[in-house]
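So the chains spell out like this:
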Amino acid sequence: MTDELSIRVERSFRNIAPESWSKLAGASRTGSVLPYNPFVSHAFLSSLEESGSATDKTGWLGSHLLLETDGGELLGAVAGYLKSHSQGEYVFDHGWADAFERAGGRYYPKLQCSIPFTPATGPRLLVAEGQDRSVLQPALAESLKEVTRQLGVSSAHITFLPEDEVSVFETDGYLHRTDQQFHFINEGYADHDAFLETLASRKRKALKKERRAAVEHGITIDWLTGSDLTEGIWDQFFTFYMDTGSRKWGRPYLTRKFYSLIGERMPDDILLVMAKREGRYIAGAINFIGGETLYGRHWGCIEDHPFLHFEVCYHQAIDFALSKGLKRVEAGAQGEHKLARGYLPVITHSAHYIGHQGLRRAVADYLKHEREQVEEMSEILTEHSPFRKGERQDI
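Rules of the game
- Counting starts from 1 at the beginning of each chain's written sequence and moves along it residue by residue.
- Only residues with pLDDT of 70 or above have their local features reported here, since the model is predicted, and side-chain atom pairs are shown and tallied only from 80 upward, although totals for entire chains, interfaces and linings are computed over all residues.
- Hydrogens are left out, water is left out, and the side-chain values use all remaining heavy atoms of the structure.
- Numbering of helices and strands runs from the N terminus, with a helix taken as a DSSP run of H or I at least four residues long and a strand as a DSSP run of E at least two residues long.
- Radius of gyration means the value over C-alpha atoms here, while the globule rule gives 2.2 Å times the residue count to the 0.38 power.
- Accessibility here uses a 1.4 Å probe with only protein chains present; expressed as a share of the type maximum, an area under 20% marks a residue as buried, one over 50% as exposed, and anything in between as partly exposed.
- Any two residues whose heavy atoms approach within 4.5 Å at even a single point are treated as in contact.
- Areas reported here follow the Shrake-Rupley algorithm with a probe of radius 1.4 Å; residue values treat only the protein chains shown as occluding.
- Positive charges are assigned to Lys and Arg, negative charges to Asp and Glu, while His and the chain termini are left out of the count.
- Lysine's charge is taken at NZ, arginine's at CZ, aspartate's at CG and glutamate's at CD.
- Each salt bridge in this description consists of a side-chain nitrogen of Lys or Arg and a carboxyl oxygen of Asp or Glu lying within 4 Å of one another.
- A pair of strands counts as paired when DSSP detects no fewer than two bridges linking them.
- In this analysis an axis means a line fitted to C-alpha atoms, helices contributing only their contacting stretch, and an angle means the value between N-to-C directions, from 0 to 180 degrees.
- As used here, the term nonpolar core means buried Ala, Val, Leu, Ile, Met, Phe, Trp, Tyr and Cys residues forming a set that is joined through side-chain atoms within 4.5 Å.
- To pair, rings of Phe, Tyr and Trp, with the six-membered ring standing in for Trp, must have centres within 6.5 Å; the planes then decide the type, stacked if under 30 degrees apart, edge-to-face if over 60, and tilted in the middle.
- Definition used: whenever NZ (Lys) or CZ (Arg) falls within 6 Å of the ring centre and also within 35 degrees of the ring normal, the charge is taken to sit over that ring.
- The arc in question is the one spanned by the directions pointing from the helix axis to the C-beta atoms.

Participant: Could you clarify how one ought to interpret the overall build of the protein in this entry?
Facilitator: Of the regular secondary structure elements, the protein holds 11 helices and 15 strands. Computed over the C-alpha atoms, the radius of gyration of the protein is 21 Å, within 12% of the 21 Å expected from 2.2 N^0.38 for a compact globule of 395 residues. C-alpha atoms of the protein, sized along the principal axes, occupy 60 × 45 × 45 Å. Within the span of the protein, comprising 395 residues, buried residues form 57% of the whole. Restricting the contact set of the protein to residue pairs at least 6 apart, pairs at least 24 apart contribute 75%. Of the accessible surface of the protein, which amounts to about 17200 Å², a share of 49% is contributed by carbon and sulfur atoms. Both charge centroids of the protein, one from 45 positive and one from 55 negative side chains, sit 5 Å from each other.

Participant: What am I meant to see in the pattern of salt bridges here?
Facilitator: When charged atoms on two side chains of opposite charge get close, those side chains can pair. By the definition in use, this model includes 24 salt bridges. We note a salt bridge from glutamate 146 to arginine 149, for which the minimum N-O separation is 3.1 Å. In this pair, glutamate 146 and arginine 149 both sit in helix H4 (residues 133-151), 3 residues apart, roughly one turn of the helix. Arginine 149 sits in the partly exposed class, given a relative accessible area of 41%. Put simply, arginine 211 and aspartate 319 hold a salt bridge, and the shortest N to O gap is 2.7 Å. Of the two residues, arginine 211 is situated in helix H7 (residues 201-214) and aspartate 319 in helix H10 (residues 308-324); the sequence distance between them amounts to 108 residues. Of the residues examined, arginine 211 reaches a relative accessible area of 17% and is grouped as buried. On the basis of relative accessibility, which here comes to 17%, the residue aspartate 319 falls in the buried class.

Participant: Can you walk me through the side chain of serine 378 in this structure?
Facilitator: By the secondary structure assignment, serine 378 is in helix H11 (residues 357-383). On the basis of relative accessible area, serine 378 is assigned to the buried category, the value being 9%. Setting aside anything within four residues of it in sequence, one finds serine 378 in contact with Gln180, Pro345 and Ile347.

Participant: Hey, could you run me through the sheet that holds strand E5 (residues 81-83) in this one?
Facilitator: Picture the strands of a sheet paired through backbone hydrogen bonds; they go either parallel or antiparallel. The strand order E2-E5-E6-E8-E15-E9-E14-E13-E12-E11-E10 describes an open sheet built from 11 strands, whose pairing is mixed. At either end of the open sheet lies a strand with only one pairing partner, and these are strand E2 (60-62) and strand E10 (220-224). Neighbour to neighbour, the strand axes of the sheet diverge by 30 degrees on average, direction disregarded.

Participant: What exactly am I supposed to notice about helix H2 (residues 42-50) here?
Facilitator: Owing to its 3.6 residues per turn, the α-helix aligns residues three or four sequence positions apart on the same side. Among the 9 residues that make up H2, 8 are buried, leaving the element largely enclosed by the rest of the structure. Taken as a whole, H2 has its buried residues at His42, Ala43, Phe44, Leu45, Ser46, Ser47, Leu48 and Glu49. Considering only its buried residues, H2 is in contact with helix H1 (18-21), E5, helix H9 (256-265) and strand E12 (280-289).

Participant: I tried to follow the nonpolar core on my own but got confused; where do I start?
Facilitator: Grouped burial of nonpolar side chains is what soluble globular proteins tend to show. Ranked by internal contacts, the top residues of the largest apolar core, which has 48 residues, are Trp21, Tyr259 and Ile262. Breaking this core down by element, the ones donating at least two residues are H2, strand E4 (74-78), helix H8 (231-249), H9, strand E11 (270-277) and E12. Of all hydrophobic cores here, the second largest spans 36 residues; its members include Ile289, Tyr314, Ala317 and Ala321.

Participant: In this structure, what is going on with the packing of aromatic side chains? I would like to understand it.
Facilitator: For any pair of aromatic rings, geometry is given as the distance between the ring centres together with the angle between the planes. Counting across every chain of the model gives 28 aromatic pairs. Measuring from centroid to centroid gives 6.5 Å for phenylalanine 237 and phenylalanine 240, while their planes differ by 80 degrees, and the two rings are edge-to-face. Of the two residues, phenylalanine 237 and phenylalanine 240 are both situated in helix H8; the distance of 3 residues between them amounts to about one turn of the helix. The pair formed by phenylalanine 237 and phenylalanine 240 is uniform in burial state, with each residue classed as buried. What links up through ring pairs into an aromatic cluster is the set Phe39, Phe44, Trp234, Phe237, Phe238, Phe240, Tyr241, Phe258, Tyr259, Phe288 and Tyr295. The cationic tip of lysine 276 hangs over the ring face of tyrosine 281; the distance from NZ or CZ to the ring centre is 4.7 Å. Geometry around phenylalanine 310 places arginine 341 over its ring, the cationic atom sitting 3.6 Å from the centre.

Participant: Looking at this structure, I do not really get the sheet that holds strand E1 (residues 5-10). What am I missing?
Facilitator: If you walk across this open sheet you meet the 4 strands as E1-E3-E4-E7, and the pairing is antiparallel. Of all the strands in the sheet, the pair left with one neighbour each is E1 and strand E7 (126-127). As judged from the 6 bridges shared by E1 and strand E3 (residues 64-69), these two strands associate in the antiparallel manner. Bridge pairing in E3 links arginine 8 to leucine 66.

Participant: Hey, could you run me through helix H5 (residues 163-171) in this one?
Facilitator: Glu165, Val166, Val168 and Phe169 are the residues of H5 that are buried. Down the axis of H5, the buried side of the element spans an arc of 165 degrees, and every buried residue falls inside it. Turned more than 90 degrees from where H5 packs its buried face, Glu163 and Thr171 sit exposed. Check the buried side of H5 and you find it contacts H4, strand E8 (155-161), strand E9 (175-185) and strand E15 (344-354). Residue glycine 173 follows H5 closely and has a positive phi angle near 90 degrees.

Structure representation (structure tokens):
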């Protein structure tokens, strides 16, 4: 590679060619050294922007780092946003912001390198296929620090990054933070019954009873994907999303237009699990289908039924993943109730660059103790998993 490289900040995905972005590892289903991650695809990220879900008006001003040759070829990228708040991120730094501002500092805006409203692990230092990741990833990490300084913002935060990117950031002086989620790991099970056989007898019987109870009021479950995702279906699902989201967050993050756009641009990457009773849909969960992972995102309902949430969000996700040979189900943030349903504790990672030395020292000390607590809690929870002793492999 003889061309000179340069970094620029692009505000809008409208100005990034989809065919150029799709050459980044993990952003396309075809020809990638990394498993496909739908959330770093041009289709998903541009839909967030064009739908009005992640824009300057909602506190997500696009600030995407592009590493290019002097001929304009895209070799690397980081999807980033200037944030005027800390909502929709799932890695909480409200305490850091409050402490810094009480001390006279200005925490916001900050540079957030993540997928808006999406607590799912995926590549953050995106490098084009065929390029040297060992060279370009450190260049991107260092460029993030330089852009943070040039913009005059307090900090840069890279959240839900894969474990193999952690060392890149730590080597460049970023602070390492951990948290915990619950994932289902497919150990080669033929079907859901084969998975249940690995559980302790009492736990297995409880889950079978739970699944029967969830659908005992004449409820049936449909899997909708691809051409099934009509505008009428999206209207129904959006009603579920608005009802649950309004109660949970006060104001749901995603607009109705967002669902139309992803339904048009990436229908084969989407699975809706929909529950029907008396001829109409009453609940549903949206999942995204990656190269190796099913990503559960959010759910909603207009009728309350015992255990229906667990059936639609967790049990059906396992059924689908096993039917397609997927290796993992990531069922979103938090939720120790997932443990009893076969989802195991998994450590998640983020990296943080903080310009102010005093705040940096305070956060570094806090994170050291937090990492120890996360590790200890993960070990405790794993010991209380529903699996028979010796049945579960280490993650």
